[in-house]
Amino acid sequence: MTSQPNPPKAGSGPATPPAHGSGLQAGLKNRHLTMIAIGGVIGAGLFVGSSSGIATAGPGILLSYALVGTLVVLVMRMLGEMSAANPTSGSFSAHADRALGSWAGFSIGWLYWFFWVVVLAVESTAGAKILSEWVPAVPQWGWALIVMLVLTATNLVSVGSYGEFEFWFAGIKVVAIAAFIVIGLLAVFGVLPGVHADQASFGNLTDHGGFLPHGPGSILTGVLLVVFSFMGSEIATLAAGESEDPQRAVTKATNSIIWRIAVFYLGSILVVVSLIPWDDKSITDKGSYVAALDSLGIAHAGQIMNFIVLTSVLSCLNSGLYTASRMAFSLGARGDAPKGFARTTERGVPRTAILVSVAFGFLAVFFNYKFPNSVFLFLVNSSGAVALFVWLVICFSQLRMRRIIQREAPEKLVVKMWLYPYLTWATAALIVFVLGYMLTDTEHDGRETVLLSLLVAAVVLVIAVIKQKVRGGGRAPVAAAPDDDVEKVPAAG
């Protein structure tokens, strides 16, 4: 596959080289993008993190998921508007660069990269724990190493190999959740063949202390516990830059986000809290989905769920490495990272960006095993609020980019944010409110997460401002990577 022509830009300011024409290639097929978009909103956190939310808010956790889901839908609509008009590997970072200034693109791009390289360590460790239980002869650190090496090799081959792996990883997640919802609903309605579920009933939503057993305030506490499991919905807009029809891919991903969240998050959690009472100890002891399957007497429910969680972990790892490397590539192309980050192999793979990202991931894994309660805990907490920072920057970027696109290329507004600018401002206000509420949360480390994330963000922002001043307040347009910057690597096969 050869590089496709660079789509014309709809903005002004510093030029941001899109994926096409910059060495990246259109190697992702429509089926890849479809499954990446669907799987992007199904993180491992949905399976392993929902139990604490249910224990905290009871059935009212549904409102927490609905509130965060609505927030994600609105943010994705804004991002979809900008990305459909100008598909680029840097996605929201590139849009922020153009709309708000190089300081914004630099800051949010590096914070996002930092978030994902830490996720690499978290998810590889989670996957290693499951694998070491199955094959104890290999130590946990050995499994973490194997998983990281395999997925690094996959990403180094071609973007198509990443897409193929993600297609199957995401496919397993989608089929598993769909089957869980169908089986669960059949049990709730009492028509599941061969199963007599004594506890299954929609009455579980209100019979054990009411729908909000801990009061309305628990909805917001639930928001703090579930908001980070939604991170990843924006991956489709980064991947779209390496698809055959970026605008169509972004439009489709943006328009389908509502039903994806409604089905996979709200649908599956509704089934869980309907199958068993929210205060059943098995939810926190075994995990919400395992407890729900156990209540139906399904054999080996724990191992089935472990396999699904492992698939989700591998999917998150695969996409995390891809996302971190593409953000590093975009930063390199814009002069906000070493030039080598923007170089690609003949297959269109940003090899240096991938290797640097995975190197930091390995370093974080080392910290996790060597200093889990100090260095690694700092890394996790200091990256915890990045999702909210990203969403906030998307809001402010869209407020400016809408005017730029309307002035210079109105025909590119194929996706439009609803009720602009009022709903954009309302979304930004809600994000700020959630951040503020986190500062009052000491029970679930919300305050520490926000303060440490703000500290890291402040350091990155200072570097960005200094860098911009050194440049004289701006940057010259960055051209696409020249041919001699492409690493000559023989194509495999």
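A.B. asks: Would you mind showing me how to read the packing of aromatic side chains here?
C.D. replies: Given two aromatic rings, their pairing is described by the distance between the two centres and the angle made by the two planes. All chains considered together, the criterion is met by 20 aromatic pairs. Judged by centre distance (5.5 Å) and plane angle (75°), the rings of Phe189 and Phe202 are edge-to-face. Here Phe189, found in the loop between α7 (159-188) and α8 (217-226), pairs with Phe202, found in the loop between α7 and α8; they are 13 residues apart in sequence, far enough to count as distant. An aromatic cluster is built from Phe92, Tyr112, Phe115 and Trp116, whose rings are joined through pairwise contacts. Lying across the ring of Phe167, Arg31 places its NZ or CZ 4.7 Å from the centre. Between Arg402 and the ring centre of Tyr420, over which it is positioned, the NZ or CZ distance is 4.4 Å.

A.B. asks: Looking at this model, I keep getting lost on the pattern of salt bridges. Mind explaining?
C.D. replies: Side-chain pairing between opposite charges can occur once the charged atoms of the two side chains come close. What the rule picks out here adds up to seven salt bridges. With its nearest N and O atoms 2.8 Å apart, the salt bridge here joins Arg31 to Glu164. With Arg31 in helix α1 (residues 30-40) and Glu164 in helix α7, the pair connects residues that are 133 residues apart, well separated along the chain. By relative accessible area, which is 34% here, Arg31 ends up partly exposed. Classification of Glu164 by relative accessible area gives partly exposed; the value is 26%. Glu408 is the partner of Arg407 in a salt bridge, and the nearest nitrogen-oxygen pair spans 3.8 Å. You can call Glu408 partly exposed: its relative accessible area is 40%.

What counts as what
Residues numbered from 1 in each chain as written. Predicted model: local features only at pLDDT ≥ 70, side-chain atom pairs only at ≥ 80, totals over all residues. Heavy atoms only, no water. Phe/Tyr/Trp six-rings, centres within 6.5 Å; stacked < 30°, edge-to-face > 60°. Helix = DSSP H or I, 4+ residues; strand = E, 2+ residues; numbered from the N terminus. Lys NZ or Arg CZ within 6 Å of the ring centre and 35° of its normal. Salt bridge = Lys/Arg side-chain N within 4 Å of Asp/Glu carboxyl O. Buried < 20%, exposed > 50% of the residue type's maximum accessible area, 1.4 Å probe, protein only.

Just distances and angles here, no functional claims.
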